[in-house]
Amino acid sequence: MGERELTESVENLKGIGEKTAKLFNKCGVFTCRDLIYYFPRTYDEFKAPIRASELVEGEVCAVSLTIIGSIMKRRIRNLSIISFEGGDQTGRVKMTYFNAPYLASSLKSGTTHIFRGVVRKKGNFFTIDQPKMYKPEEYAALCGKLMPRYPLVKSLSNNTVTKAVQKAFNNAGRFEEFVPEDIIKRLGLMSFFDAIYGIHFPKDKASLEQARRRLAYNEFFIFVLKLRLLKKLQEENKNTFPMMEVAEAKRFLEKLPYKLTNAQLNAYNDIINDISGPYVMNRLIQGDVGSGKTVVAFLTLLTAAANGYQGAIMAPTEVLAAQHFESFKEMIEKYGLTSLKPVLLTGALSAKDKREAQRMIKEGEVNCIIGTNALIQDKVEYKNLALVVTDEQHRFGVRQREALAGKGENVHVLAMSATPIPRTLAIILYGDLHISIIDELPGGRIPIKNCVVGTDYRNTAYKFICDQVKAGHQAYVICPMVEEGELDGVENVTDYTDKLKSMLPTDISVAMLHGKMKPSMKDDIMEAFARKDIDVLVSTTVIEVGINVPNATVMMIENAERFGLSQLHQLRGRVGRGNAQSYCIFLNTSKSDDAKNRLDIMNKSNDGFKIAEEDLRQRGPGELFGLRQSGELNFRVGDIYHDSDLLKEASMDADRILAEDPNLDDIQYSVLRSTLSTKSANFVDFTTL
């Protein structure tokens, strides 16, 4: 593809005016390059029509039916309703349309159509609300096809995006290959162009899987190469901030009302060995939710301060940064820790407070800087930054770690992650870091009680949530989607919030949270929930990291079968943080035995590492046609569980190439060199790697 065509504004595409271009801009699409790399979120699979008796509750089905009897039309306030029955030789189905008066003329008793929509059951009757209606010959043309479904904003239709993507491809040339030809042949990968086109417009499931695998390999290959090159630079870094274990840290450990676990002590000893050794520390602490990583980070920051240096801890959200700041202040006061002088630096601070925090950091009045991305802004200058801690490592990644570490010279880096990735994959994914694993939970924690239930349990679950709120606790309800229409048959936060408000008593406060909100609004809602101003928070997976509410005792996950096991475990980790018994309700809307067996693992285990191994073993290609599974390391296409074989291949290929040609000087690597030096590196978002 020529550079001119790639950088051209989407507004230059035929049929896209200024108004539509602004809608695309809201999705982060400004150029034709952005559009071509704006991948579908899922696919609509048009299966052959079935009989009425074969309908499955909760699934999207197409059924050929003849309209029976009269068409009922009524109006309730501003809502017009059309309802009728359709049937075949095996049974009847009730259809309902809302605000669709234009359909009345095409609906006639005795006519046969194909109706497609989400099947529900009311008593002994199957019902389909708002089904799409097709003539038999119309549906035959779609049968067997996979239609892309894109992430959308209000007023931007899926049809508009699909047409725009097709036009962008019509203007495109070929794509330069940066993966060496011998690798493409050996792994049987399709061409780069065919993969990009095939991820948008697959011929069938098999070709979609081929396209996805090629793009996943691209991501892993570039990621591992960047990681290896970074590690090579780090290995040459001498320790210019040597530190020793301090008496204040030992006294703090003695005063604690509990003993650290052996796994926590081992991780702390690893850190002491690193920071007192000849080379700069680059270490990852990987520990399950609630394993006590934060106290190890606190000990390390205390050690840096007592040695006369500054340390910084970067959290993924402003709420979590503020919570760290408050808990650190509390421990400093409670245990009389005179060495540690903390300050909070986040984007939410007033301009005056920001300037004052920046002054104290620059002049060395404070030595424990707690914040978010604000810590790596150009205006922030440190006096003698020697240690950087990143909380929830996979939310930041290589580029941001580099930026923060770059605030000092040869700074020690300690990364923390509660994502229990199997060790075989962690060694590749965190290849620039040494790994300490905290695989023991502190004593005294009350295990979460789990249950996997069907849709008929919903009302019982709502009553249970009410009882918990009346007892003074709070609850989360997780939905996979933000708005209606993003994926058929899946609960969405917007409608679910309205539904709960109408079903729960008026004195129970219900609010919603999702990733499409402005960061300031998200933070306000999370803070309100932490303050107990909100009783029930309906959210997408945006809450899996970044909020600590010990008072929340219930987590209810809708469409639980749509998530990867590791992500379910991450979500579950939002409860069970206080002294009260906590519960997790996994609502399974699928009738399949596979979904039941997978969720049964969550029912039986609270061990994140065991669950991660099961996720690695069980993850199957069928799930890729549902929701995006794992959010680890922000890969856009690759899934570290499903694609673990590709990740290992990419790792071996990167190591072999760098062993033969450490600087990629050979002419065959010219495109690869330029790809590695490009910030966006094709479709991989390296701002988050």
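Up top is the structure.
Calculation criteria
Residues numbered from 1 in each chain as written. Predicted model: local features only at pLDDT ≥ 70, side-chain atom pairs only at ≥ 80, totals over all residues. Heavy atoms only, no water. Helix = DSSP H or I, 4+ residues; strand = E, 2+ residues; numbered from the N terminus. Buried < 20%, exposed > 50% of the residue type's maximum accessible area, 1.4 Å probe, protein only. Polar contact = N/O pair within 3.5 Å; in protein donor to acceptor, adjacent residues only side chain to side chain. Core = buried A, V, L, I, M, F, W, Y, C linked by side-chain atoms within 4.5 Å. Salt bridge = Lys/Arg side-chain N within 4 Å of Asp/Glu carboxyl O. Axes fitted to C-alpha atoms, helices over the stretch in contact; angles between N-to-C directions. Parallel < 35°, antiparallel > 145°, perpendicular 65-115°, else oblique. Left-handed = near helix turned anticlockwise from the far one by under 90°. Contact = heavy atoms within 4.5 Å. Nonpolar A, V, L, I, M, F, W, Y, C, P; charged D, E, K, R; others polar. Expected span 1.5 Å × (residues − 1). Arc of directions from axis to C-beta. Phe/Tyr/Trp six-rings, centres within 6.5 Å; stacked < 30°, edge-to-face > 60°. Lys NZ or Arg CZ within 6 Å of the ring centre and 35° of its normal.

**Q** Could you give me a rundown of the environment of S651, with the residues and numbers involved?
**A** Of note, S651 is situated in helix α22 (residues 644-660). Take S651: its relative accessible area is 7%, and that puts it in the buried class. Once the C-alpha coordinates of S651 and G431 are considered, the two residues, 220 residues apart in sequence, prove to be 9.5 Å apart. Among the polar contacts made by the side chain of S651, one reaches the side chain of R228 at a distance of 3.0 Å.

**Q** Please give an account of the nonpolar core that cites residues and values.
**A** Across soluble globular proteins, you tend to see nonpolar side chains buried next to one another. Ranked by size, the top nonpolar core spans 77 residues in total, and within it F24, L35, I196, F221, I640 and L672 carry the most contacts. Take this core: its biggest share by element is 12 residues, from helix α8 (residues 205-235). By size, the runner-up hydrophobic cluster in this structure holds 45 residues, among which are F241, V295, I313 and A315.

**Q** Any details on the pattern of salt bridges? Residues and values, ideally.
**A** Applying the stated criterion across every chain yields a total of 28 salt bridges. Here R51 ties to E54 by a salt bridge, and the two come within 3.5 Å at their closest N and O atoms. The partly exposed category is assigned to R51, whose relative accessible area is 46%. Between D600 and K604 there is a salt bridge, and its shortest N-O distance comes to 3.1 Å. Of this pair, D600 and K604 both sit in helix α20 (residues 593-604), four residues apart, which is roughly one turn of the helix. Overall, D600 belongs to the partly exposed group, its relative accessible area being 27%. A residue is classified by how much of its surface remains accessible, and K604, at 70% relative accessible area, is exposed. Via salt bridges that share partners, D182, R186, E649, D653 and R656 belong to a single interconnected network.

**Q** Pulling in residues and values, what's your account of the packing of helix α16 (residues 458-470) against helix α17 (residues 493-503)?
**A** Where α16 contacts α17, the two axes come as close as 12 Å, and the packing angle between them is 70°. Relative to α17, the element α16 lies roughly perpendicular. The element α16 and its partner α17 pack so that their crossing is right-handed. Residue-level inspection shows R458, N459 and Y462 of α16 in contact with α17, the latter providing Y496, K499, L500 and M503. Residues belonging to the contact of α16 with α17 are distributed by class as follows: four nonpolar, one polar and two charged.

**Q** So, α20: which residues are in play, and what are the values?
**A** Taking 1.5 Å as the rise per residue, α20 with 12 residues should run 16 Å; its terminal C-alpha atoms sit 16 Å apart, in good agreement. Here α20 has its buried residues at A595, R598, L599, I601 and M602. With its buried residues spanning 130° around the axis, α20 presents them on a single face. Along α20, exposed side chains directed more than 90 degrees from the buried face belong to D593, K596 and K604.

**Q** An account of the packing of aromatic side chains is requested, with residue identities and associated values reported.
**A** Counted according to the given criterion, the structure contains 21 aromatic pairs. Between F178 and F192, the aromatic rings sit 5.7 Å apart at their centres with planes inclined by 85°, giving edge-to-face as the arrangement. Of the two residues, F178 sits in the loop between α5 (158-170) and α6 (181-187) while F192 sits in helix α7 (residues 192-200), which places them 14 residues apart along the sequence. Between the aromatic rings of F241 and Y309, the centroid separation amounts to 5.2 Å while the plane-to-plane angle is 80°, which identifies the pairing as edge-to-face. Of this pair, F241 sits in the loop between α8 and α9 (247-255) while Y309 sits in the loop between α11 (293-306) and β10 (310-314), and the two are 68 residues apart along the sequence. As far as burial versus exposure is concerned, F241 and Y309 are alike and both buried. Among the aromatic side chains, those forming a connected cluster through ring pairs are F169, F193, Y197 and F201. Stacked on the ring of F46, the Lys or Arg R116 has its end atom at 4.1 Å from the ring centre. One residue, R636, lies across the ring of F39, its end atom 4.9 Å from the ring centre.

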